[in-house]
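A look at the structure
One-letter residues, chain by chain:
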Protein chains: 6
Amino acid sequence: MTRLLVVNPNTTATMTETIAAAARQAAGGETAIEAVTSAMGPASIEGFYDEAFAVPGLLATIAAGESGGAQAAIIACFDDTGLDAARAMAAIPVLGICESALTLAAMIAKRFTVVTTMERSRVPIEELVDRYGMARKAHVRAANISVLSLEDPNSGARDKLRSEITRAIAEDNAEAIVLGCAGMADLARTLQVEFGMPVIDGVGAAVKQAEALVALGLSTSKRGAYAAPVPKPYTGMLAQFAP
Amino acid sequence: MTRLLVVNPNTTATMTETIAAAARQAAGGETAIEAVTSAMGPASIEGFYDEAFAVPGLLATIAAGESGGAQAAIIACFDDTGLDAARAMAAIPVLGICESALTLAAMIAKRFTVVTTMERSRVPIEELVDRYGMARKAHVRAANISVLSLEDPNSGARDKLRSEITRAIAEDNAEAIVLGCAGMADLARTLQVEFGMPVIDGVGAAVKQAEALVALGLSTSKRGAYAAPVPKPYTGMLAQFAP
Amino acid sequence: MTRLLVVNPNTTATMTETIAAAARQAAGGETAIEAVTSAMGPASIEGFYDEAFAVPGLLATIAAGESGGAQAAIIACFDDTGLDAARAMAAIPVLGICESALTLAAMIAKRFTVVTTMERSRVPIEELVDRYGMARKAHVRAANISVLSLEDPNSGARDKLRSEITRAIAEDNAEAIVLGCAGMADLARTLQVEFGMPVIDGVGAAVKQAEALVALGLSTSKRGAYAAPVPKPYTGMLAQFAP
Amino acid sequence: MTRLLVVNPNTTATMTETIAAAARQAAGGETAIEAVTSAMGPASIEGFYDEAFAVPGLLATIAAGESGGAQAAIIACFDDTGLDAARAMAAIPVLGICESALTLAAMIAKRFTVVTTMERSRVPIEELVDRYGMARKAHVRAANISVLSLEDPNSGARDKLRSEITRAIAEDNAEAIVLGCAGMADLARTLQVEFGMPVIDGVGAAVKQAEALVALGLSTSKRGAYAAPVPKPYTGMLAQFAP
Amino acid sequence: MTRLLVVNPNTTATMTETIAAAARQAAGGETAIEAVTSAMGPASIEGFYDEAFAVPGLLATIAAGESGGAQAAIIACFDDTGLDAARAMAAIPVLGICESALTLAAMIAKRFTVVTTMERSRVPIEELVDRYGMARKAHVRAANISVLSLEDPNSGARDKLRSEITRAIAEDNAEAIVLGCAGMADLARTLQVEFGMPVIDGVGAAVKQAEALVALGLSTSKRGAYAAPVPKPYTGMLAQFAP
Amino acid sequence: MTRLLVVNPNTTATMTETIAAAARQAAGGETAIEAVTSAMGPASIEGFYDEAFAVPGLLATIAAGESGGAQAAIIACFDDTGLDAARAMAAIPVLGICESALTLAAMIAKRFTVVTTMERSRVPIEELVDRYGMARKAHVRAANISVLSLEDPNSGARDKLRSEITRAIAEDNAEAIVLGCAGMADLARTLQVEFGMPVIDGVGAAVKQAEALVALGLSTSKRGAYAAPVPKPYTGMLAQFAP
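Note that the coordinates shown come from a computational prediction; the quantities given were computed from them, not determined experimentally.

Topic: the interface of chain D and chain A
Contacts between chain D and chain A engage 44 residues on the former and 44 residues on the latter. Buried surface at the junction of chain D and chain A, both sides included, amounts to about 3,800 Å², of which 66% is carbon and sulfur. Applying the counting rule to chain D against chain A returns four salt bridges. Close ionic contact of A:Lys232 with D:Asp50 constitutes a salt bridge, the shortest N to O distance being 2.6 Å.

This is the structure:
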């Protein structure tokens, strides 16, 4: 049995339920998913500022999960918030849903479009696209919806998402669609049928990458950039995080 | 039960056995591996010329496998020989071991080195590194060994491979090693212990990516670059391949 | 007298006539053009799959031409199909029409647009544009016409091509046009007059690059990536190609 | 009088003194420097993990400084820790010392080398170099010294720094040196004389960029990526940071 | 007192007045601006040809200014005409207004648009954007106005400029605007208020970069690419420029 | 008969003789080479400063040649000095020897090294390599010899050049060598035999590109970046160059 921790750094429990369901649907028969809402930080992550305050709670949750026996951890926010810090901290592998989704997209399509929520999240995701070497392959679009509006079936958010996918096909020649928010995790299979083309959810993608690394006996390198943090004094209310 | 076809486009059956063993070790409990040696082409693939003649046999094997019920196919040559053609041809997902290995490497290390066999394969792999967006992250080195010498424990090939890994650590600051030939698939776990750092084999990596795509209900987009081939007349001895 | 082999890897003899005429028009007074239709493979090359099956016949034709005294070879398909394999195989220089056309375009314009046939060929050509270092300079557009429809004056293909050139000027600020299919080779001079801007055909461009290399005593390097193939056993119906 | 806030996100007061002195030396006659040690986080920032826990205290300090009338803020850590979050949060301009130093270096040299402290900081700085568009111009080297050892004249750290500069000149053809740690801010002028080439400290560089933006009436755009955070509920001990 | 030389390589004195006023408005209280119209070359610089003939007069003016005690020089043409030659020639730092403006833009916005005068200047500025590593961040647009028409309030040039800014916001998602001609230097503050977003003028930006370098004791490296010219014979009417 | 103008912007007549001989050796039977030493500027071009003062004389020579019936012009300096200005000025095609040489090198080798004269010319050539899209393919090295020392068989310059080629093979895995100075034009064939690998001279390469463009009826686009200069007043001693 492989134990995977899925952390929702958005501190909204109903969103975690959506994420957990998507993770469980993706997981293999021998994988147990533990989905946890972070105990510290903003209700939703929309842009650089929110990201910063989501990280401490996220890392605390991963550390607790690792102590409790999790074999890999997934950060369920499309900004891959705190991913590098988590990889440096943990001995177990840590996956981001943006990196995981882009990776699978590139294996089934030459050109694809990420559709995210708000305009302020578009450039941060473009920077991830650059960092993951996908600049030539991926467009990023914002549907101008808030993260939490995805929870409300009457918000109109899903219709705006559909409209943006339609534009991606027409204007970007998109061959596949990547859903650019963990809160869209329940929509991938429906939209895939509706649009007749691959639609990729990062939560499911990351579950499979986590299973892959565990099965292959691979974990984060502790040489170089992800070397374990050096013990040192901490000041103030974050002192509990001193390595 | 997920049925995965692993094709060795190097027409050397003993090499296929090594590949099959690595694939089975990586596969989940509900995955059946069918490993097949291509029936047409060179005994080993070393450079651009050999690649060209490995492709027809490779595609024939994938087409037969797909007809026989395989749910995904893996091309077990680190040059990702024929990968784009196979993706256009097949309805099932097709994985390359170079793309799969680089993908996992980038999830556990910021900088890594691919160690391949012959110098003539170094630049083709550098071009794949570029295409997969990994130019800033990955070095490529050749150990100056032939593909088939890896089969012979007395050839000295494995010692040359070890020496090249040692140089990668010292000169490239490599945080992880990617084995740049399907014929090295049996060495990853041993070398990982020996060098105390992640060592990634592409065959196992591709098995997990194939399982991921099948489990998530994802397959190659048939819009754009991977649209199914248009039926048309063929001339000469390859006419059997007309779509 | 310089003897140049021009191979049409599309196995359609009427198309070869168009190509041959363009090659002869471009050739210098001391150059003899031998235009040959490949004896194996698809009637036209449209996308990755067709490319794969065009290569063996193409390489056989080049090998025969080289034995017969050709001093350079040209692959008359805009996907530069099999170019790297041919360069590794042959002692004589081998030219691609895409590389040759982009090269000349960059010497007379800062920004230009390639207009090709079908959408499925657009991304493969964009990948060539990247590989040849022209990503900042060149757009690629598809006119949504089949390769062989260019042969039929009543197909409407040429009007679609004109429309796409008009869009390239308006939307891409194109300063020059590159014709993205060997089957358009007869149209360059007409369209150049019609649009009042440079229009470049790859067949003529490649003839001049071939003449250049021969005149300068330059041929493909046999160090590194293009080193001659290593002799080795071949299995199956391609065994005649064993080096 | 222009009021500049310089925040040391390393919670080590003696290091702040070094930074403050460098900032004051760089500041114009009409600039007042307020140098503040962050009240929360690690004693020194060495790698991705430390960065994450430095950000909340850093942002709190900038918010307090802005309320108190600071006209621009400088983050005195070469990783440009929290820079994007701070720019989204604040109405005043926020400067990073890495971005500022690389900017000035590129105005006086075509090729230069950043010398930082520990190997685990090398790749994070390379990623900044990429993000700031300097990949072709800048090398990054680590002298293998800890941040706080720079405070101790008997630690040997400064000699290791000198040795690494010597190697940068010989091996990288460096035309200028950038000091890759705020803790080196007092060394720039001495090393510049010693090596007879430009040596750039980021703290001074950022002071001048801050003065520039204030004088020109420019501040962070509030359209797009740096739009002000959306008010939303926060959970747990970081709730004070809810916008 | 810091003495800055601002050279207008466009040989139009009224344009120099606009530039001088912008420079003085940006300059600190301890900075003296000497604005000089080049004595040789075209009345305005629009494209590659004009650039070439502006350089000798520009360099002569900088050399004279340096002899006269200027501590830094600014080239007030957005093409950064002659910048590399000037840096090799002078011992004092030399700033370009394009590089300076892009630098400040990147510190306050993630995505921005340069609006320049004529279409023939668009690609030269795109090449500067590439060279300065800003290709992912900056669009370039031409308003189709001549440089000198900016001098004439009745020319309609300013309205065309406003229209192009409006398009940049709508089509490029521009977060800030960079004015792509020294002749627009007086418009930045007005347009900033009018459009409610940062508008950056390169002349002011360069004044602050020049002050920064002088204050920090930094000047152009004389190792490598900017090494002082080697004395050698000159032929013809430019012989006065022999180093 | 095709009439080609070859301009040596280095105002050293003996060097022009070397260039003329190489051009004539490369030229086809129907090509007449007119080699001209520029009448204005430095005796040799070594770095950015020299380049600037070579341009006016170079452009004057090209303008005169075009008036006199030349059908294409070649700038015989490896920095491609003044190339963009010349293309904007002239109706006939203009070729640079760096662009021409890199182009042919990329058609016969995947990785190659440019060996130039002085260190101060290395970075300018690296910038050309970037601009021509060859950054992944080409290294640049300086042999630390002056341009004119190549004229003197007893200067030791040629031995230093050989040593640098030897290092390029050993350290860069160079598959071909490009001679990075017009003054080396007579050495290509000798060195090619001596090193047993392709050695490319830019003068010969440019002659063939010029013949190609003339034969194909192609010339510089007059849309966009290379549009003809706008007539305008000129001030000072360069007024004769007003368009």
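Having seen the structure, we can now continue with the description.
Some remarks on helix α7 (residues 188-195) of chain E
All names here are of chain E. Taken as a whole, α7 has its buried residues at Ala188, Leu191 and Phe195. Viewed end-on, α7 has its buried residues packed into an arc of 70°, placing them on one side of the element. Buried-residue contacts for α7 involve α6 (157-172), β8 (176-179) and β9 (199-201).

Here we look at unusual backbone geometry
Residue and element names in this part refer to chain A. We note that Asn173 has phi near 55°; this positive angle belongs to a residue other than glycine. Relative to the elements of secondary structure, Asn173 occurs in the loop between α6 (157-172) and β8 (176-179). Taking the relative accessible area as the measure of exposure, Asn173 reaches 33% and is therefore partly exposed.

A short note on the sheet that holds strand β7 (residues 138-142) of chain C
All names here are of chain C. The four strands are arranged β7-β6-β8-β9 in an open sheet whose pairing can be described as parallel. Every interior strand has two partners, whereas the edge strands, β7 and β9 (199-201), have only one. For this sheet, the mean inter-axis angle between neighbouring strands, taken without regard to orientation, is 25°. In terms of strand pairing, strand β6 (residues 112-116) meets β7 through five bridges, oriented parallel. Following the sheet pairing, Thr113 is matched in β7 by His139.

Topic: the nonpolar core
Core analysis: the largest hydrophobic core is formed by 546 residues, its most contacted members being A:Ile62, B:Ile62, C:Ile62, D:Ile62, E:Ile62 and F:Ile62. In this structure A:Ile62 touches A:Leu5, A:Val7, A:Ala73, A:Ile75, A:Ala86, A:Met89, A:Ala90 and A:Val94, once residues within four positions along its chain are discounted.

Some remarks on the packing of helix α4 (residues 97-108) of chain D against helix α4 (residues 97-108) of chain E
The contact between α4(D) and α4(E) brings their axes to 11 Å, and the two run at 170°. Classified by the angle between their axes, α4(D) and α4(E) sit roughly antiparallel to one another. Taking contact as the criterion, the partners of D:Glu99, D:Ser100, D:Thr103, D:Ala106 and D:Met107 in α4(D) are, on α4(E), E:Glu99, E:Ser100, E:Thr103, E:Ala106 and E:Met107. When grouped by side-chain class, the residues that make up the contact of α4(D) with α4(E) number four nonpolar, four polar and two charged.

What about the packing of aromatic side chains?
A full pass over the atoms with the stated rule returns 24 aromatic pairs over all chains. Seen from their ring centres, B:Tyr226 and C:Phe48 are 6.0 Å apart, and the 40° between their planes marks the pair as tilted. Here the residue B:Tyr226 occupies a position in the loop between α8 (202-215) and β10 (234-235), and C:Phe48 occupies one in helix α2 (residues 48-67), the pair thus bridging two chains. With respect to burial, B:Tyr226 and C:Phe48 carry one shared label: buried. Summarising the aromatic geometry, the rings of E:Phe241 and F:Phe53 are spaced 4.4 Å apart at their centres and angled 20° between planes, so their arrangement reads as stacked. Of the two residues, E:Phe241 is situated in the segment after β10 (234-235) and F:Phe53 in helix α2 (residues 48-67); the pairing between them involves two chains.

A short note on the sheet that holds β8(A)
Residues and elements named next belong to chain A. The strand order across the open sheet formed by four strands is β7-β6-β8-β9, and the pairing between neighbours is parallel. Pairing within the sheet leaves two strands with one partner each, and these edge strands are β7 (138-142) and β9 (199-201). The average undirected angle you get between the axes of adjacent strands in this sheet is 25°.

Details of the interface of chain F and chain C
Listed by partner, the interface residues are 48 residues for chain F and 48 residues for chain C. In total, chain F and chain C occlude about 3,700 Å² of area from one another, counting both sides; carbon and sulfur atoms represent 58% of this. Put simply, chain F and chain C have two salt bridges between them. Put simply, C:Lys110 and F:Asp84 hold a salt bridge, and the shortest N to O gap is 3.1 Å. Across the contact surface, chain F and chain C share 19 residue pairs in polar contact (both at pLDDT 80 or more). Those elements that provide at least two residues to the side of chain F that touches chain C are α3 (83-89), β5 (94-96), α4 (97-108), α7 (188-195), β9 (199-201) and α8 (202-215) of chain F. In terms of residues, the side of chain F that touches chain C owes the most to one element, α8(F), which gives eight residues. Tallied by class, residues from the side of chain F that touches chain C come to 24 nonpolar, twelve polar and twelve charged.

Here we look at the arrangement of the chains
When C-alpha atoms are compared, chain C and chain D, though not in contact, are closest at a spacing of 15 Å. Note that chain B does not reach chain E: the shortest distance linking a C-alpha of one to a C-alpha of the other is 15 Å.

What about helix α6 (residues 157-172) of chain F?
Residues and elements named next belong to chain F. Over its 16 residues, α6 runs 21 Å from end to end, which matches the ideal 22 Å to within 8%, given 1.5 Å per residue. Buried residues of α6: Ala157, Leu161, Glu164, Ile165, Ala168, Ile169 and Asp172, and no others. Down the axis, α6 shows its buried residues gathered within 145° of arc, on one side only. Set apart from the buried face of α6 by more than 90 degrees, the exposed residues are Asp159, Ala170 and Glu171.

What counts as what
Residues numbered from 1 in each chain as written. Chains lettered and ligands numbered in written order. Predicted model: local features only at pLDDT ≥ 70, side-chain atom pairs only at ≥ 80, totals over all residues. Heavy atoms only, no water. Contact = heavy atoms within 4.5 Å. Buried area = accessible area lost by both parts, 1.4 Å probe. Salt bridge = Lys/Arg side-chain N within 4 Å of Asp/Glu carboxyl O. Buried < 20%, exposed > 50% of the residue type's maximum accessible area, 1.4 Å probe, protein only. Helix = DSSP H or I, 4+ residues; strand = E, 2+ residues; numbered from the N terminus. Arc of directions from axis to C-beta. Pairing = 2+ DSSP bridges. Axes fitted to C-alpha atoms, helices over the stretch in contact; angles between N-to-C directions. Core = buried A, V, L, I, M, F, W, Y, C linked by side-chain atoms within 4.5 Å. Parallel < 35°, antiparallel > 145°, perpendicular 65-115°, else oblique. Nonpolar A, V, L, I, M, F, W, Y, C, P; charged D, E, K, R; others polar. Phe/Tyr/Trp six-rings, centres within 6.5 Å; stacked < 30°, edge-to-face > 60°. Polar contact = N/O pair within 3.5 Å; in protein donor to acceptor, adjacent residues only side chain to side chain. Expected span 1.5 Å × (residues − 1).

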